[in-house]
Structures are given as structure tokens and as C-alpha cells.
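# Remarks on the overall topology
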Amino acid sequence: MPKAVQIQQFGGPEVLQLVDVSIGDPGPGEVRIRHQACGLNYIDVYHRTGLYPNALPLMLGMEGAGIVEAVGEGVMHLQAGDRVAYASAPPGAYCEVRVMPARCVVKLPDGIDFEQGAAMMLKGLTVQYLLRKTQPQGGLREGDFVLFHAAAGGVGLIACQWARAMGLQLIGTAGSDAKCQLALEQGASHAINYTTEDFAARVKEITGGRGVKVVYDSIGKDTFERSLECLAPFGLLASYGNASGPVPPVNLGLLKGSLYVTRPSLFAHIATRESTQAMADDLFEMVGSGKVKIRVDQRYALAEVALAHRDLESRKTTGSSVLIP
Ligand SMILES: NC(=O)c1ccc[n+]([C@@H]2O[C@H](COP(=O)([O-])OP(=O)(O)OC[C@H]3O[C@@H](n4cnc5c(N)ncnc54)[C@H](OP(=O)(O)O)[C@@H]3O)[C@@H](O)[C@H]2O)c1
């Protein structure tokens, strides 16, 4: 029987179990995919711990790439044999084979392999909507400064390259000097080790006291208030993750200077097949043209999923990680 990763209770990496599952035929609007690679994302940690609540038992994983085995009634854009990839709810991508809604599944261009596909959909589509659509009043122009936390991570390294391609000056933060160096090599114009340096003070220095137009903050609790200090008047804080824990209730007085805060989510952006395809086309163009390279820095067998989670949470990883079923 095919294998999948499931949890019966919320908790640490030890709750991840490899189980046998029986997979049926796809229903209307669904597709059955045999995975060649599964993506690992920080949202999987939030699902495992229960920070983002779901009913138990719960299959984990939101990103994968593989081959279509069968399509259900009404699915027009895919057929058996297609190479595909996706970032999508419901969770359950850590598996050998699954049935899922076809709406968020797109064909993978020939030049992109399965590992890259599994490593880039959730993270790359996130960078797409952050840099292209989550912009401050008046938009972003060439030469503008943006601050991007965790710049050497999965989302972060894609953002460094994408920002460079847009002509932006991305100031990246990261948790070690080696990670800072990596962010610089991948397109960050400046890098700050926020475990040893005061990142708000450094941002002020780098921008000649002006601050940045937008901060992309996926760290949450540990960085939120200092991120606001980095903004120029009318600047935007996009708080899109909580790797250090959720942001506590906010005193609106902190937004003086006419600042804006948003809490964006990829899943609002990929709610329809049309929006998913348009965003994926942009991502595939960036990767196909070589402007963005997808780094798979960690590979694990599906059975090593607990180790993969430990590495991700202990800040050992850089770039993307994949599970190989
Ligand atoms: N809202 C959305 O649409 C959306 C979509 C995708 C991802 N996200 C968010 O984007 C972030 C990045 O996702 P990813 O999958 O690419 O992960 P990742 O960046 O590869 O890994 C998380 C990184 O966060 C940093 N970090 C800082 N404080 C941490 C702490 N206390 N514990 C653990 N890590 C800490 C670490 O980098 P350093 O060591 O360099 O600090 C770590 O490597 C996550 O917060 C995720 O939830 C949000």
C-alpha cells in the first residue's frame, strides 16, 4: 500500500508517523498524482504543532510534484501522464500518491525537474505575490530598499534573486554570517546577521536614515516591533509568517508615521485556477529565464520526515528542502 505521513496528535517532530493508506479514484474536479518529490515548508510545522488548527488525524504537506495518474470528471486542463506541481490545501502532500482538487495543480514546464517543482511552488508563488502584489502605497520602483527577514531560507533565497531581477535593493536578515553571505551571493544588496546585530539600527544606517518602503516579515513575535521601526513614513509591514511565534495583539499607536500593516496569505491569492496559473506562469518565466534558480539544499527520504522537521525548526537549513517518496 502507498505510504503517507500522518499525525494523530499535535506536538513535536516525534508525532510524525509513516502510515499505509488506500487511495481511490479521483472524483469530479479531482486528480490523482504519483509524487516524485514533496516540498517541505514552515507551514507544515504550524500544522504539526496545531498553531494553525486542523482536525485530527491529519496528513501533512502542502506542496508536491509528480505525474498525473488519473483525472476526475470535469477536469479539462490536465490528463494522465502530465508532469505537474502544486502548492495547495488540503494538507497531505507528504505521500507517495494522493487524490486532490485539480484547481491548484499546474503543468510543469519541460525544463523544470520534479525536485525543483516540489521546492518552488509554495515558496515561489509566495515570493510572486509578495514582491509583485504586496507593495506599499505608490508601488515599488527600481532602486527602492525593501527589508526581507530569513533571507537565506526557502522563501528568502527566491526573494533575493527575484528582487534583484526587479532592480530592488533587498536588505536581507539571517541567523548566521554564512547565511548572510549566501543571501548576498543570491542577490541581496545588503545582509544583516540579526542574531548579533541590531537590525533596525543597521537598516537606518544602510538607508541613510530614511528607512525602507516595505518589510517582509515571516519571523513574527521576535521581529514585529523592530520591523515597524525600519519603515519610512507610509511604509508597509507585510507580516506573513510566525517562525518565532505569533505576533501578540498590536497597539495601533505603533503605526504612527502613517504606517500600514497587512497579514497576507498565499491561499487567498491562489483561490482560483486562473489566478494560480497566472502566478505560476510568472514564476516559471522567472525560473526558465535563469533570473531565479531554485536551490534544493536538503533532501530526505519520506521516512526521514522527523529529521527534516528538526532541521527546519533548528534553523539548520538554507534554501528549499524536499522529501523523496
Ligand atoms: N503567508 C504566506 O503566504 C506564507 C507562504 C509561505 C511561507 N510563509 C512563511 O515564510 C516563512 C519562511 O518559510 P520557509 O518554508 O521558506 O522556511 P525557511 O525560511 O526556510 O525557514 C524558517 C527560517 O526562519 C528563521 N527563523 C528565525 N527565527 C526562528 C525561530 N525562532 N525558529 C525557527 N526559525 C526561525 C530561520 O532562519 P535564520 O536562521 O536565518 O533566522 C529559519 O531558517 C515561514 O515563516 C512561513 O510560515 C508564509
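Higher on the page you've got the structure.
What counts and what doesn't
Residues numbered from 1 in each chain as written. Predicted model: local features only at pLDDT ≥ 70, side-chain atom pairs only at ≥ 80, totals over all residues. Heavy atoms only, no water. Helix = DSSP H or I, 4+ residues; strand = E, 2+ residues; numbered from the N terminus. Rg over C-alpha atoms; globule rule 2.2 N^0.38 Å. Buried < 20%, exposed > 50% of the residue type's maximum accessible area, 1.4 Å probe, protein only. Contact = heavy atoms within 4.5 Å. Areas by Shrake-Rupley, 256 points an atom, 1.4 Å probe, with all protein chains shown as cover. Pairing = 2+ DSSP bridges. Near = heavy atom within 4 Å. Polar contact = N/O pair within 3.5 Å; in protein donor to acceptor, adjacent residues only side chain to side chain. Nonpolar A, V, L, I, M, F, W, Y, C, P; charged D, E, K, R; others polar. Phe/Tyr/Trp six-rings, centres within 6.5 Å; stacked < 30°, edge-to-face > 60°. Lys NZ or Arg CZ within 6 Å of the ring centre and 35° of its normal. Axes fitted to C-alpha atoms, helices over the stretch in contact; angles between N-to-C directions.

Secondary structure assignment for the protein chain yields 9 helices and 16 strands. Its C-alpha atoms give the protein chain a radius of gyration of 20 Å, near enough to 20 Å, the size a compact globule of 325 residues would have. Along the first, second and third principal axes, the C-alpha set of the protein chain runs to 60 × 40 × 35 Å. Here the protein chain, with 325 residues, has 55% of them falling under the buried criterion. In the protein chain, the proportion of contacts linking residues at least 24 apart, taken out of those at least 6 apart, comes to 68%. As displayed, the protein chain has an accessible area near 13,200 Å², and 51% of this comes from carbon and sulfur atoms.

Turning our eyes to something else, we now look at the pairing of strand β6 (residues 83–87). Of all the 5 residues making up β6, 4 are buried; the element is thus mostly covered by neighbouring parts of the structure. Here strand β5 (residues 63–71) runs beside β6; their pairing, made up of 5 bridges, is antiparallel. Paired with Glu63 across the strands is Ala87, a residue of β6. Note: β6 against strand β8 (residues 105–107), 3 bridges, orientation antiparallel. Across the sheet, Ala85 pairs through a bridge with Val106, a residue of β8.

Quick look at the side chain of Ser239 now. Along the chain, Ser239 turns up in strand β13 (residues 231–239). In this structure Ser239 comes out as buried when scored by relative accessible area, which is 6%. For Ser239, the contacting residues outside a window of four places in its chain are Asp217, Phe224, Val247, Thr262, Arg263 and Pro264.

By nearness alone, 28 residues border the ligand, and Tyr129, Lys179, Tyr194, Leu266 and Arg315 come closest of all. Residue Gly175 places a main-chain N or O atom 2.8 Å away from an oxygen atom belonging to the ligand. Note that an oxygen atom of the ligand is positioned 2.4 Å from one of the side-chain N or O atoms of Tyr194. For the shell around the ligand, the secondary structure elements donating two or more residues are α1 (42–49), α2 (114–133), α3 (154–165) and α9 (305–313). By residue class, the composition of the shell around the ligand is 14 nonpolar, 10 polar and 4 charged.

Right, let's get into the packing of aromatic side chains. The geometry of an aromatic ring pair is captured by two quantities: the separation of the ring centres and the angle between the planes. The full count for this structure, using the stated rule, is 4 aromatic pairs. When the ring of Tyr46 is compared with that of Tyr52, the centres are 4.7 Å apart and the planes differ by 50 degrees; the resulting orientation is tilted. We classify Tyr52 as partly exposed; its relative accessible area is 23%. One aromatic cluster is present, built from ring pairs that chain together Tyr42, Tyr46 and Tyr52. Note that Arg83 overlies the ring of Phe114, its terminal NZ or CZ placed 4.7 Å from the centroid.

Taken together, 3 strands build an open sheet; the order of strands is β2-β1-β4 and the sheet is antiparallel. At either margin of the open sheet sits one strand with a lone partner, and together these are β2 (17–20) and β4 (58–59). Inspection of the sheet shows strand β1 (residues 3–7) paired to β4 by 2 bridges, in the antiparallel sense. If you follow Ile7 over to β4, its bridge partner there is Leu58.

Taken in spatial order, the 6 strands of this open sheet run β11-β10-β9-β12-β13-β14, and their pairing is parallel. Of all the strands in the sheet, just β11 (190–193) and β14 (260–262) have a single pairing partner and so form its edges. When the angles between neighbouring strand axes are averaged without regard to direction, this sheet yields 15 degrees. Examined bridge by bridge, strand β9 (residues 145–148) and strand β12 (residues 212–217) share 3 bridges and lie parallel to one another. Residue pairing in the sheet places Phe148 in a bridge with Tyr216 of β12.

This brings us to the side chain of Ser320. Looking at the element boundaries, Ser320 is found in strand β16 (residues 320–324). Here Ser320 falls in the buried class, since its relative accessible area comes to 2%. In this structure the side chain of Ser320 is engaged in a polar contact, spanning 3.1 Å, whose partner is the backbone oxygen of Ala119. Ignoring sequence-local partners within four residues, the contact set of Ser320 consists of Ala119, Lys123, Gly154, Arg295, Val296, Asp297 and Gln298.

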